[in-house]
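Examining the three-dimensional arrangement
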Amino acid sequence: MSDLYKILGVQRDASQDEVKKAYRELAKKLHPDRNKDNPDVADRFKRVSAAYGILGDAKQRSRYDRGEIDENGSERPSPYGFGANRSRSGRYSSEGRFDPFDFEEASDVFSSFFRSAGARTSRRNAESGTKRPRENPFETSGRRKGLDINYKITVGFEESIIGGTRRISLNDGRTLDIKIPSGIKDGQVIRLSGQGGPGVGGAPKGDALVEVTVAPHPYYKRDGLDILLDLPISLDEAVLGGDIQVPTPKGRLTIRIPKNSSSGKRLRLKGKGVQRGEDVGNMYVTLKLMLPSERDTNLEKLVKDWGGKGGDALRRKAGLI
């Protein structure tokens, strides 16, 4: 079991702003783009992102603190039979010990019951001369497909874009690695066929239904297949333009800022959005600075003579580099 607070290096009573600040510092330090060919750092970056995915959301953090979800965002088993997500079932013994419900045992009991009920019905029909009704194999024969069991996990924003693998704990004690497809959306459900409750009377097992929550990100937003980013720029960059680096979920890119770019100007990075199948979105970068609406050559000359280079400082303060 991992402690998400230790992963981010913060105290349990840290404020949301302190959690966000810690994540940004670690994300800058551990970003795979800065640590190429270092799988250990890449793995730690994923764990840091996943930890922030839960602690960075006040509601999810509260549920984690109360023990309702684990470090993966999965629902913890309820000690009272079928919980909100049917994560566990059972009964308490006379000694007060919780005994998990034995589905296989239940299968035998139900099968015997339905066989006996079917035999009694056949005898009554034969004695009364009543024609035997047509049987529903999933009712009178005692066959019942197993229960579908619900689970929940939380993934980081980057992981939802590029995909990955998560390990979940099933209600029967098994662990299972599941694939997080690239481009998965918040609230989407992954169906794991045959990983639910056992069937009754030889019927198929149920499925495991894993609902995915995508954690909010400090500076990315998603709109369909498009990714949105607000990018602070300095006065000299806005007036003179030039090439600067911007982060994307898949690594850093260099973009060109046009001269005299005012705050609110939107730049499109074609094909750098979310990919789902053959469909690919774009990334839109919105510049943040107020300038005169008309181009001012005197201002350009002033900036050239001034030689200010404050753009990196602005982006560093915003946690983008």
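In what follows, the structure referred to is the one given above.
Within each chain, residue numbers correspond to sequence positions counted from 1 in written order. Whole-chain, interface and lining totals are the exception, using all residues; otherwise, since this is a predicted model, local features are given only for residues with pLDDT of at least 70 and side-chain atom pairs are given and counted only at 80 or more. Computation of side-chain values: all heavy atoms of the structure, hydrogens and water removed.

Any residue with an atom within 4 Å of a point lines the site, the site being either a cavity, points on a 1 Å grid over the protein atoms alone where a 1.4 Å probe fits but cannot get out, or a pocket, an open set with protein on both sides within 12 Å along at least 5 of 7 lines. Grid points are joined across faces, edges and corners, and a volume is the space filled by probe spheres set on the points. Applying the stated rule across the entire model yields two cavities of 30 Å³ or more. Put simply, the largest cavity is a space of about 160 Å³. We count a stretch as a helix when DSSP gives it H or I for four or more residues in a row; a strand needs E for two or more, and each element gets its number in order from the N terminus. Within the residue set of the lining of the largest cavity, elements represented by two or more residues are helix 2 (16-30) and strand 10 (242-248). The computed volume of the second largest cavity comes to approximately 40 Å³. Tyr 23, Ser 49, Tyr 52, Gly 53, Gly 156, Phe 157, Glu 158, Ala 215, Pro 216 and His 217 together form the lining of the second largest cavity. Elements represented by at least two residues in the lining of the second largest cavity include exactly helix 3 (39-55) and helix 6 (157-162).

Moving on to the packing of helix 2 against helix 3. An axis is simply a line fitted to the C-alpha atoms; with a helix, the fit covers only the stretch in contact. Between two such axes, the angle follows the N-to-C directions and lies from 0 to 180 degrees. Where helix 2 contacts helix 3, the axes come no closer than 10 Å and their chain directions differ by 160°. Here helix 2 is positioned roughly antiparallel relative to helix 3, judged by the angle of their axes. Between helix 2 and helix 3 the crossing geometry is left-handed. Two secondary-structure elements touch here, helix 2 through Gln 16, Val 19, Lys 20, Tyr 23, Leu 26, Ala 27 and Leu 30 and helix 3 through Val 41, Arg 44, Phe 45, Val 48, Ser 49, Tyr 52 and Leu 55. When residues are grouped by polarity, Ala, Val, Leu, Ile, Met, Phe, Trp, Tyr, Cys and Pro land in nonpolar, Asp, Glu, Lys and Arg in charged, and all others, Gly among them, in polar. Its residues assigned to classes, the contact of helix 2 with helix 3 shows ten nonpolar, two polar and two charged. Orientation is classified from the angle alone, with under 35 degrees giving roughly parallel, over 145 giving roughly antiparallel, 65 to 115 giving roughly perpendicular, and any other angle giving oblique. In this scheme the handedness of a crossing depends on how the near helix is turned from the far one: anticlockwise by less than a right angle means left-handed, clockwise means right-handed. Here a residue-residue contact requires only that any non-hydrogen atoms of the pair lie within 4.5 Å.

Two strands pair under a simple rule: DSSP has to find at least two bridges between them. Strand order in the open sheet formed by four strands is 8-9-15-12, with mixed pairing between adjacent strands. If you trace the sheet from one side to the other, it starts and ends with strand 8 (220-223) and strand 12 (266-269), each paired once. Averaged over all adjacent pairs, the angle separating strand axes in this sheet is 25°, with direction ignored. In the sheet, strand 12 pairs with strand 15 (residues 283-288) via four bridges, with the strands oriented antiparallel. What sits directly across from Arg 268, in strand 15, is Tyr 284.

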